[in-house]
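# Summary of the model geometry
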Amino acid sequence: MILRIENVTKDFKVSHGPLARATHFTALKDVSLSVGKGESFGLVGESGSGKTTLTRLILQLDRVSSGRILFDGTDLASLSARDLRHLRSRIQIVFQDPYASLNPRMTVHDIISEPMEIHQDTLGLNARQRTDRVVELLELVGLGGQHLFRFPHEFSGGQRQRIGIARALAVRPEFLILDEPTSALDVSVQAQVLNLLHELQAKLGLTYFFISHDLGVIRYVCDRVALIYRGEIVEQGETERIFEAPESDYARLLLSAMPEPDPDRSPFRPPAASAG
Amino acid sequence: MALLEIRDLHLGMRSFEGEAHVLNGIHLTVERGEIWGIVGETGCGKSLTGLSISRLVSTPPGRYITGSISLEGRNLLTASEPEMQSLRGRRIGMIFQDPTTNLNPAFRVGEQIVDVALHAGGLDPSILGVGAKASRSERKKAARNLAIDMLAKVGIPKAGERIDDYPHQFSGGMRQRVLIAMALIGRPDLLIADEPTTALDVSVQAQILRLLYDLVQEHQLGVLLITHNLGVVAQICTHVAVMYAGNIIESGSVREVFKNPNHPYTTGLLASVPTAKMKRGELQGLPGSVPNLLAPPPGCRFAPRCAAVQPRCTAAIPPSVAVAAHHEVACVLAEPHASAAA
Ligand SMILES: Nc1ncnc2c1ncn2[C@@H]1O[C@H](COP(=O)(O)OP(=O)(O)OP(=O)(O)O)[C@@H](O)[C@H]1O
Ligand SMILES: Nc1ncnc2c1ncn2[C@@H]1O[C@H](COP(=O)(O)OP(=O)(O)OP(=O)(O)O)[C@@H](O)[C@H]1O
Ligand SMILES: [Mg+2]
Ligand SMILES: [Mg+2]
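Rules used in this analysis
Residues numbered from 1 in each chain as written. Chains lettered and ligands numbered in written order. Predicted model: local features only at pLDDT ≥ 70, side-chain atom pairs only at ≥ 80, totals over all residues. Heavy atoms only, no water. UniProt positions renumbered as here; feature names shortened; annotations may be inferred. Helix = DSSP H or I, 4+ residues; strand = E, 2+ residues; numbered from the N terminus. Buried < 20%, exposed > 50% of the residue type's maximum accessible area, 1.4 Å probe, protein only. Areas by Shrake-Rupley, 256 points an atom, 1.4 Å probe, with all protein chains shown as cover. Contact = heavy atoms within 4.5 Å. Buried area = accessible area lost by both parts, 1.4 Å probe. Salt bridge = Lys/Arg side-chain N within 4 Å of Asp/Glu carboxyl O. Nonpolar A, V, L, I, M, F, W, Y, C, P; charged D, E, K, R; others polar. Expected span 1.5 Å × (residues − 1). Polar contact = N/O pair within 3.5 Å; in protein donor to acceptor, adjacent residues only side chain to side chain. Pairing = 2+ DSSP bridges. Axes fitted to C-alpha atoms, helices over the stretch in contact; angles between N-to-C directions. Near = heavy atom within 4 Å. pLDDT = per-residue confidence, 0-100.

In the annotation of an unreviewed UniProt entry, the entry for chain B reads ABC transporter ATP-binding protein, and the organism field reads Microvirga alba. Taken directly from UniProt, the Sequence similarities (unreviewed entry) text for chain B runs: "Belongs to the ABC transporter superfamily." Its UniProt record, at the heading Subcellular location (unreviewed entry), says of chain B: "Cell inner membrane".

In the nomenclature of an unreviewed UniProt entry, chain A corresponds to ABC transporter ATP-binding protein from the organism Microvirga alba. UniProt, in its Sequence similarities (unreviewed entry) section for chain A, records the words "Belongs to the ABC transporter superfamily." On record in UniProt, under Subcellular location (unreviewed entry), the comment for chain A is "Cell inner membrane".

Scanning chain A from N- to C-terminus turns up 10 helices and 10 strands. A principal-axis box enclosing the C-alpha atoms of chain A has dimensions of 60 × 55 × 45 Å. The buried share of chain A, taken over its 276 residues, is 53%. Only carbon and sulfur atoms are counted for the fraction: they give 50% of the accessible area of chain A, which is about 12400 Å².

Attention now moves to the interface of chain B and chain A. The interface of chain B with chain A comprises 50 residues on the first partner and 49 residues on the second. Buried surface at the junction of chain B and chain A, summed over both partners, amounts to about 3900 Å²; 56% is from carbon and sulfur atoms. Counting the surface chain B buries against chain A, the share from its top three residues, Q235, R255 and R280 of chain B, is 21%. Of the charged contacts in the structure, one is a salt bridge between D262 of chain A and K259 of chain B, with a shortest N-O distance of 3.1 Å. Contributions of two or more residues to the side of chain B that touches chain A are made by α7 (202-219), α8 (230-236) and α9 (254-259) of chain B. A total of 8 residues in the side of chain B that touches chain A trace back to one element, the largest contributor, which is α7 of chain B. Here the side of chain B that touches chain A is composed, by residue class, of 22 nonpolar, 19 polar and 9 charged.

A few words now on helix α3 (residues 109-123) of chain B. Side chains of residues three or four places apart in an α-helix project in the same direction, reflecting 3.6 residues per turn. All names here are of chain B. Along its 15 residues, α3 runs 22 Å from first to last C-alpha, staying within 8% of the 21 Å computed at 1.5 Å per residue. Within the sequence span of α3, burial applies to V109, G110, Q112, I113, V114, V116, A117, L118, A120 and G121. Where the residues of α3 are buried, they touch α4 (136-153) and α6 (172-184).

Within the secondary structure layout, T49 of chain B lies in helix α1 (residues 46-53). One polar contact links the side chain of T49 of chain B to the main-chain carbonyl oxygen of G45 of chain B, over a distance of 2.7 Å.

This part covers the sheet that holds strand β1 (residues 4-15) of chain B. Residues and elements named next belong to chain B. One open sheet accounts for 4 strands, arranged β2-β1-β4-β5; its pairing is antiparallel. Of all the strands in the sheet, the pair left with one neighbour each is β2 (18-30) and β5 (74-75). As paired strands, β1 and strand β4 (residues 62-71) are joined by 8 bridges and run antiparallel to one another. In the sheet register, R7 faces β4, and the bridge partner there is S68. Contacts from α1 reach β1, β2 and β4, with the element oriented near 115 degrees to β1.

This part covers the side chain of S113 of chain A. Residues and elements named next belong to chain A. Examined against the element boundaries, S113 turns out to sit in helix α3 (residues 108-118). Relative accessible area serves as the criterion here: at 1%, S113 is assigned to the buried category. Of the polar contacts made by the side chain of S113, one reaches the backbone oxygen of H109; its length is 2.8 Å. Those residues in contact with S113 that sit more than four places away from it in its chain are R130 and V134.

Turning to the site of ligand 1, a few remarks are in order. Residue and element names in this part refer to chain A. Around ligand 1, 14 residues are found, and the nearest of them are S47, G48, K51, T52 and T53. Taking S49, its main chain carries an N or O atom lying 3.2 Å from an oxygen atom of ligand 1. K51 is positioned such that a nitrogen or oxygen atom in its side chain is 2.8 Å from an oxygen atom of ligand 1. Taken by itself ligand 1 offers 640 Å² of open surface, and the protein chains cover 64% of this. Looking at the shell around ligand 1, the elements that each hand over two or more residues are β1 (3-14), β2 (23-35) and α1 (51-58). The leading source of residues in the shell around ligand 1 is α1, at 3 residues.

What follows covers the site of ligand 2. Residue and element names in this part refer to chain B. Surrounding ligand 2, one finds M13, V22, T42, G43, C44, G45, K46, S47, L48, Q97 and L293. Contact distances for ligand 2 include 2.3 Å between an oxygen atom and a side-chain N or O atom of T42. G45 places a polar main-chain atom, nitrogen or oxygen, 3.0 Å from an oxygen atom of ligand 2. Contact with the protein chains covers 64% of the free accessible surface of ligand 2, which is 640 Å². Counting residues per element, the shell around ligand 2 draws most heavily on α1, at 3 residues. Of the residues that constitute the shell around ligand 2, the class distribution is 5 nonpolar, 5 polar and 1 charged.

All names here are of chain A. If you walk across this open sheet you meet the 6 strands as β6-β7-β8-β3-β9-β10, and the pairing is mixed. The sheet is open, and its two edges are formed by β6 (91-94) and β10 (232-238), each paired on a single side. Sheet twist, expressed as the average angle between the axes of neighbouring strands with direction ignored, equals 15 degrees. Where α1 meets the sheet, its contacts fall on β3 (40-45), β6, β7 (175-179), β8 (207-211) and β9 (224-229), and the angle it forms with β8 comes to roughly 150 degrees. In the packing of helix α2 (residues 81-90) onto the sheet, the strands contacted are β6 and β7, and the crossing angle to β6 comes to about 55 degrees.

This part is about the pattern of salt bridges. All names here are of chain A. All chains considered together, the criterion is met by 38 salt bridges over all chains. The shortest N-O distance in the salt bridge between R133 and E136 comes to 3.1 Å. Taken together, the residues R133 and E136, both in helix α5 (residues 127-140) and 3 residues apart, mark about one turn of the helix. Under the relative-accessibility criterion, R133 is labelled buried at 8%.

Residue and element names in this part refer to chain B. Considering the arrangement of structural elements, one finds M1 in the segment before β1. Take M1: its relative accessible area is 77%, and that puts it in the exposed class. Distance from M1 to T49, taken between C-alpha atoms, is 21 Å for residues 48 residues apart in sequence. When residues no more than four places from it in sequence are discounted, the contact partners of M1 are E31, E72 and G73.

The next subject is the confidence of the model for chain B. Mean pLDDT over chain B stands at 90; residues scoring 70 or higher make up 98%. We note a pTM of 0.85 for the whole complex and an ipTM of 0.79 for its interfaces.

Take a look at the structure:
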């Protein structure tokens, strides 16, 4: 197991105005899961269920209230600042929001090469090599090298998300957190990106922690999946098992709400009746 | 008379690099009771089509080159701005793609919906359900009740309490539902919904689709549903228009187009959706990317990516031909066939 999350709870202090007493909001409650090296692990849950909070804890952008997170056997809370920085090059993230996650004042070239500069000591690439790699990455994610010196606002949402993926791959991480990576993409580009992620995984042995609302995508991408509801894991297991024989009410609810791209399976129209 | 009729719409968009022909001859007819899915790759012109109907494309940089957009016979492209203002929020409801432009963070959610309700009520008093001579406070009270009703209808729990919250106190999904409530409050004849469920969970999405479907059944409005989710289109839409680089390349009843896709682009699009039985790596997708609209390829704009391309494809944009009842395709290879419904 490359990642073990053990009984993690995360409370946030919330205050309702200056006079009210602060209360606690439990965003994650006793969450345990483990991700094997080289697998794709899916996390599915409604908005506000705690998915992004969990990724922030994995990235050590926030501290657990209780419980432990082990990466490659090491408790993340025990790491020195230096070791933590090294570890960060091994774990990268593609963010949810392609509009907010790219610095509008930086060129595509600088956005993608920035993590390579930060992790210069591990990667050892010179400026020229970094630029070459940026071009290579742009082509990998379906954009051309001609976009090198353009700014994020010149791209559509879908193109921006591809830039985000290129940036995450730049430092050759082992563990990639994908927080709704394709929700802003149209299906044809999504297919390219999913196939790209699959190729990269096969080639580089990457581990994916894949967050998505799209159960069709989760089913296609993930070996195992956990369903999170209001901060608690309600079901986890092999993807096929959950899709074929869900045990929790929540899993059944999600599966029944999943829209299939087949007009004959619509809950809104009687089969084969309303054509034309 | 059709509810909405778009004829040969050409829209230019100017940037310092030149003018791009972003809508390149759009034809679309929407009747009451129809839900049209508009699908296609990012940048193909879906949002601009919707924005053109409510005439919200800024000109410049936009320029309507030729064509017409008629709402029950009235050409919207030549209507005055005051007339357009009275159509928006009343006969034409819109849900915009970018949620941040829609709700003002400084005002309570309720105030913002009440404003929309009062605007709509000013144009059609029956919306508020009070007499034309009702006092200002009566109208305000009715608008507030209507706002609470609509919030409850789109699935905001305890709407009566939440109505005085600020937008930041709502989750993304709840904010999206507020926008849907705002677009519906004027009881529009035509609803343009640009990616209305993209940010939502499937369970909330299912609820919104049910709401939309019931509204269409009840009020016979026409809907343009812009989305990249082909599952949503298959479920709720009666018709679908597939766009590529500023053109509708295939359109018709949803069953026809999904069961008998004719255009190679539609085929590729449908093959891009993962299905239950697919193994990883089997997803086909579409190689290549969309053309630069500043220098579009000659003829069919899909030709450079098309596996079945022929010399005649680049001669001219192929006209739309009917290949079956309720099914048109703009491809030189399109052949008439028996309808999928048969
Ligand atoms: N810094 C914080 N302070 C207080 N509450 C927070 C904070 N960060 C997150 N929360 C709350 O924790 C809960 C979980 O939020 P989180 O962002 O993890 O959800 P999510 O599952 O990623 O949702 P989405 O699918 O909408 O992205 C939410 O109710 C959120 O309001
Ligand atoms: N304000 C603008 N100035 C210049 N070009 C624009 C502007 N708005 C849109 N465009 C261009 O017009 C084309 C169509 O844009 P539109 O927003 O309609 O695409 P879309 O199909 O809605 O894409 P998406 O799926 O990403 O929302 C794109 O090539 C886009 O770059
Ligand atoms: Mg999140
Ligand atoms: Mg759009």
